[in-house]
Amino acid sequence: MNNIVVQILLIALAPILGGLIYGLERKVKARMQRRIGPPLLQPFYDFLKFADKRKMIVHSTHAFLGLLHFVSLWFAVAVLIMGGDFILIIFLHLLSTAVIILAGFSTRSIFSHLGANRSAISVLAYEPVLIIIAISAYMLTGSFDVSALYASEIPVLFKMPLAFIALLLILPVKLKKSPFDVSEAHQEVVGGVELEYSGIFYEAVYTAKWLDYIFVYLLVFMFGGANIWLGLVLVALTFIYINALDNSTARVNYKQMLRFCLWVALPIAFVNLLLTMFGVL
Amino acid sequence: MKLNKYRKKSPWILHYNAGGCNGCDIEILACLGPKYDIERFGMINSGNPKQADVMLITGPVTKRSRERLVDIYSQMPEPKVVVACGSCTCTGGVFRGMYNCEGGVDQYIPVDVYVPGCGCRPEQIIAGVVEALKKLENKTKEIEKSVRLEVAPVESDNQINRREIAAPINNGGKPSVFG
Ligand code: SF4
């Protein structure tokens, strides 16, 4: 990830790559349920269809916040690709989530409110773990820059294995996958914060979901260090893990989710921080 | 650029039960399951009127559900199509003439495709939706113009319309149309 041209290309193509990942995911999920599944390009068909649908906006701020969610998430992905500051990346991502939570609260729909509540709770669940991983990375390389991790000769995975496990545990919360999909829960809150969007404004929220995949898989890729192939293998394994988990588990409620993240994932990340701090690994 | 052809590649479904016996609903869910798997055609049961294109309705419209029906219908952004699944949705079926419901859904909202059968087979539902998608593809921007709907009394055909009989009990003798 050193070449500036490659970086700019990746940033520009990030939504398209994310769409392909989403399409592949729907295909894989269907195959796991013995279905044939939609075509690989299905997310793009959805995208083009929504471009043509009538826009029904609740109020202009709500629609604007949806667009802002997409843009700020794209910024987070861009900084992550360029190898910028880890803390900045986390905060940009938090900003995008905060914006969509605000949008959820700005309508009068009760489902939107519930979804926003639950989104805020899932932020509470995964954010501390991410920050501790960032601090561990700082202890390891002496800088908050992600590029130092991309460049590390020994893969980061072998230096901080527990951090990787903690990341795997919080990924379903972040991607809104079962068992931790309370914030989207189609059967309960009908999609949560994205409920009131329609037309091209829904498109922004829908595409932001694809960018989320890119964001998450880049975080996983980071653990491969300078070894690109190890990074790609990790991404592939994580992809299979997330889909298998999504298909085989049922939703837990938000209290159980919070308890799991704060009592299991957070201590694991913390032990990893201690190990890195004292240079055990 | 004409985007019309993508409409039939990703029709998102909204499913509403307007008081049916659940027979047709189960058949609709069977369509979504592994055997018939309509996700092959990109259909998702979205459950959200603001993002749906195809509205699948089952059941005769009961008095409790008719306001919600019109409400949900008007929340769907155009272009949209409505598929009436099941005999009782098309004409009233076994419920026709009962005191608590009207004969069919098309007394309240425009219906594009009628799927017969009590309950209708999943194959029929898929055929009906495919038929509806042809209509969806040809819808133009004309339908996005808002029109004012007039409340007009439902003309009673030769079915027993017990609504007028029940009216005096509810609101002191005034004929009740639409609540
Ligand atoms: S058509 Fe028949 S099976 Fe379907 S909802 Fe009506 S009564 Fe039930």
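About the thresholds
Residues numbered from 1 in each chain as written. Chains lettered and ligands numbered in written order. Predicted model: local features only at pLDDT ≥ 70, side-chain atom pairs only at ≥ 80, totals over all residues. Heavy atoms only, no water. Helix = DSSP H or I, 4+ residues; strand = E, 2+ residues; numbered from the N terminus. Rg over C-alpha atoms; globule rule 2.2 N^0.38 Å. Buried < 20%, exposed > 50% of the residue type's maximum accessible area, 1.4 Å probe, protein only. Contact = heavy atoms within 4.5 Å. Areas by Shrake-Rupley, 256 points an atom, 1.4 Å probe, with all protein chains shown as cover. Lys, Arg positive; Asp, Glu negative; His and termini not counted. Charge placed at Lys NZ, Arg CZ, Asp CG, Glu CD. Pairing = 2+ DSSP bridges. Axes fitted to C-alpha atoms, helices over the stretch in contact; angles between N-to-C directions. Expected span 1.5 Å × (residues − 1). Bend = angle between axes of the 7 residues up to and from the residue. Near = heavy atom within 4 Å. Nonpolar A, V, L, I, M, F, W, Y, C, P; charged D, E, K, R; others polar. Phe/Tyr/Trp six-rings, centres within 6.5 Å; stacked < 30°, edge-to-face > 60°. Lys NZ or Arg CZ within 6 Å of the ring centre and 35° of its normal.

Section: the overall build of chain A
Here is step 1 of the chain: Check the secondary structure of chain A and you find 12 helices and 0 strands.
Here is step 2 of the chain: Its C-alpha atoms give chain A a radius of gyration of 18 Å, within 12% of the compact-globule value 19 Å for 281 residues.
Here is step 3 of the chain: Considering only C-alpha atoms, chain A reaches an extent of 55 × 45 × 40 Å along its principal axes.
Here is step 4 of the chain: Here chain A holds 281 residues, and the buried ones make up 55% of them.
Here is step 5 of the chain: Here the contacts in chain A between residues at least 6 apart in sequence split such that 78% fall between residues at least 24 apart.
Here is step 6 of the chain: Split by element, the accessible area of chain A, about 11,800 Å² in all, is 73% carbon and sulfur.
Here is step 7 of the chain: On chain A, the mean spot of the 20 positive side-chain charges and the mean spot of the 15 negative ones are 8 Å from each other.

Some thoughts on the sheet that holds strand β1 (residues 12-17) of chain B
Paired through their backbone hydrogen bonds, the strands of a sheet run either parallel or antiparallel.
Residue and element names in this part refer to chain B.
Here is step 1 of the chain: Spatial strand order, β2-β1-β3-β4-β5: 5 strands in an open sheet with parallel pairing. Whereas interior strands pair on both sides, the edge strands pair on one side only; in this sheet they are β2 (44-45) and β5 (113-115).
Here is step 2 of the chain: Examined bridge by bridge, strand β4 (residues 81-85) and β5 share 3 bridges and lie parallel to one another. Paired with valine 83 across the strands is valine 113, a residue of β5.
Here is step 3 of the chain: Strands β3 (54-58), β4 and β5 of the sheet are contacted by helix α4 (residues 122-137), whose axis makes an angle of about 175° with β5.

Quick notes on helix α12 (residues 254-277) of chain A
All names here are of chain A.
Here is step 1 of the chain: Spanning 24 residues, α12 covers 32 Å between terminal C-alpha atoms, matching the ideal 34 Å at 1.5 Å per step.
Here is step 2 of the chain: At leucine 266, α12 is deflected by roughly 30°, the largest bend along its length, and proline proline 267 occurs up to four residues later in sequence.
Here is step 3 of the chain: Among all positions of α12, only Met257, Leu258, Cys261, Ala265, Leu266, Ala269, Asn272, Leu273 and Thr276 are buried.
Here is step 4 of the chain: Considering only its buried residues, α12 is in contact with α5 (110-141) and α8 (161-175).
Here is step 5 of the chain: Glycine 279, located one to two residues past α12, shows a positive phi value of around 65°.

Section: the environment of histidine 62 of chain A
Residues and elements named next belong to chain A.
Here is step 1 of the chain: Relative to the assigned elements, histidine 62 resides in helix α3 (residues 60-82).
Here is step 2 of the chain: Histidine 62 sits 215 residues away from methionine 277 along the chain, and the two C-alpha atoms are 44 Å apart.
Here is step 3 of the chain: Among residues more than four places away in sequence, those in contact with histidine 62 are Ala103, Ser106, Thr107, Glu196 and Tyr197.

Concerning the site of the ligand
Here is step 1 of the chain: Looking at the ligand, the residues that line it are Gly20, Cys21, Gly23, Cys24, Gly86, Ser87, Cys88, Val94, Phe95, Gly117, Cys118 and Gly119 of chain B.
Here is step 2 of the chain: Looking at the shell around the ligand residue by residue, the classes come out as 6 nonpolar, 6 polar and no charged.

Description of the packing of aromatic side chains
Here is step 1 of the chain: All chains considered together, the criterion is met by 19 aromatic pairs over all chains.
Here is step 2 of the chain: Between tyrosine 206 of chain A and tryptophan 12 of chain B the ring centres are 5.9 Å apart and the planes differ by 75°, which places this aromatic pair in the edge-to-face class. Taken together, the positions of tyrosine 206 of chain A in helix α10 (residues 200-222) and tryptophan 12 of chain B in strand β1 put the pair across two chains.
Here is step 3 of the chain: For tryptophan 12 of chain B, a relative accessible area of 4% corresponds to the buried category.
Here is step 4 of the chain: Aromatic ring contacts, followed pair by pair, group Tyr22, Phe44, Phe47, Phe50, Tyr202, Tyr206, Trp210, Tyr213, Tyr217 and Phe239 of chain A together with Trp12 of chain B into a single cluster.
Here is step 5 of the chain: Over the ring of phenylalanine 50 of chain A we find lysine 49 of chain A; its NZ or CZ atom is 4.3 Å from the centre of that ring.
Here is step 6 of the chain: The ring of tyrosine 73 of chain B is capped by lysine 80 of chain B, whose NZ or CZ atom sits 4.0 Å from the centre of that ring.

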